[in-house]
Amino acid sequence: MKDQLTACGICGGDGRIANAFGSHSTCPGCHGSGRPQETTGFRDVTKTKPSHFKPAVSKAAGPTGPRMPTSPSGQLLANEINASRSPPEVKARLLRETVEHEDTHGQVTQTFVKKTRKLLKS
Ligand SMILES: [Zn+2]
């Protein structure tokens, strides 16, 4: 056995590793040197500001795409509709009714959720 303290942790100091095809290739950890690589060279790519990646939230998805509910309860119901085994045309109708209900009431009521669940094939 090679010295574990100075050997590459991926290949164990051999400088090469067996791949899925049964042959060997150069170790990606040490690039064949068999010695552990310094990890301080990694650039920090996590500092990207998330505020630059706001999803475009729009209630009107346009005439081509189906509109989706915007309230939390409406989105939950939409997920249930999409996850159900109902036919696509039924799903589309229920989603449309959910959006229309939300437009009328400002939210999706529990009564409407229960009524819609009864129509879903789970
Ligand atoms: Zn290695």
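The structure under discussion appears in the preceding block.
Residues numbered from 1 in each chain as written. Predicted model: local features only at pLDDT ≥ 70, side-chain atom pairs only at ≥ 80, totals over all residues. Heavy atoms only, no water.

S.K.: Help me out: how do you make sense of the overall build of the protein in this one?
M.R.: Counting its secondary structure elements, the protein contains 3 helices and 2 strands. What you see in the protein, going N to C, is helices and strands ordered as β-β-α-α-α. Counting only residues that meet the buried cut, the protein has 25% of its 122 residues in that class. Sequence-distant contacts, at least 24 apart, represent 40% of the contacts inside the protein between residues at least 6 apart. Surface accessibility of the protein: about 9,400 Å² in total, with carbon and sulfur atoms responsible for 56%. (Helix = DSSP H or I, 4+ residues; strand = E, 2+ residues; numbered from the N terminus. Buried < 20%, exposed > 50% of the residue type's maximum accessible area, 1.4 Å probe, protein only. Contact = heavy atoms within 4.5 Å. Areas by Shrake-Rupley, 256 points an atom, 1.4 Å probe, with all protein chains shown as cover.)

S.K.: Where do I start with the nonpolar core in this structure?
M.R.: In summary, soluble globular proteins display a tendency toward joint burial of nonpolar side chains. In this structure, Leu77, Ala78, Ile81, Val90, Leu94, Leu95, Val108, Phe112, Val113 and Leu120 together form the largest nonpolar core, which totals 10 residues. Every element with two or more residues in this core is listed here: α1 (72-83), α2 (88-105) and α3 (110-119). Residues contacting Leu120, with those up to four places away along its chain left out, are Glu80, Ile81, Ser84, Ser86 and Leu94. (Core = buried A, V, L, I, M, F, W, Y, C linked by side-chain atoms within 4.5 Å.)

S.K.: Sorry if this is basic, but what is going on with the side chain of Ser84 here?
M.R.: Along the chain, Ser84 falls in the loop between α1 and α2. A distance of 2.9 Å separates a polar side-chain atom of Ser84 from the backbone oxygen of Ile81. Look past the residues within four positions of Ser84 in its chain and what remains in contact with it is Lys91, Leu120 and Lys121. (Polar contact = N/O pair within 3.5 Å; in protein donor to acceptor, adjacent residues only side chain to side chain.)

S.K.: Is there a simple way to think about the coordination of the zinc ion in this case?
M.R.: Reference values for angles at a metal are 109.5 degrees in the four-donor tetrahedral case and 90 or 180 degrees in the six-donor octahedral case. Ligation of the zinc ion by protein atoms is provided by Cys8 (SG), Cys11 (SG), Cys27 (SG) and Cys30 (SG), these donors lying 2.2 to 2.3 Å from the ion. Donor residues for the zinc ion sit on one chain with the sequence pattern C-x2-C-x15-C-x2-C. Of this pair, Cys8 sits in the segment before β1 (16-18) while Cys27 sits in the loop between β2 (24-26) and α1, placing them 19 residues apart in sequence. Here the two residues Cys8 and Cys27 agree in accessibility, since each one is buried. (Donors = N, O, S within 2.8 Å, 3.2 Å for Na, K, Ca; no water.)

S.K.: How should α2 be read in this particular structure?
M.R.: Since there are 3.6 residues in each turn of an α-helix, residues three or four apart along the chain are aligned in direction. Its 18 residues place the ends of α2 25 Å apart at the C-alpha level, agreeing with the 26 Å of an ideal helix rising 1.5 Å per residue. For α2, the full list of buried residues reads Val90, Lys91, Leu94, Leu95, Thr98, Val99, His101 and Glu102. Tucked inside the fold, the buried residues of α2 contact α1 and α3. Positive backbone phi, at 80°, marks Gly106, one or two positions downstream of α2. (Expected span 1.5 Å × (residues − 1).)

S.K.: Explain α3 to me, please; I cannot follow it from the model alone.
M.R.: Every buried residue of α3 is listed here: Phe112, Val113 and Thr116. Projected down its long axis, α3 shows its buried positions confined to an angular sector of 100°, all on one face. Away from the buried face of α3 by more than 90 degrees, exposed residues Thr111, Lys114 and Lys118 are located. Looking at the buried side of α3, the elements it contacts are α1 and α2. (Arc of directions from axis to C-beta.)

S.K.: What's the story with unusual backbone geometry in this structure? I'm lost.
M.R.: Most peptide bonds take the trans form, and the phi angle of most residues other than glycine is negative. Even without a glycine there, the phi angle at His31 is positive, about 55°. Within the element layout of this structure, His31 appears in the loop between β2 and α1. Note on His31: relative accessible area 59%, which makes it exposed.

All we've got here are geometric facts, nothing functional implied.
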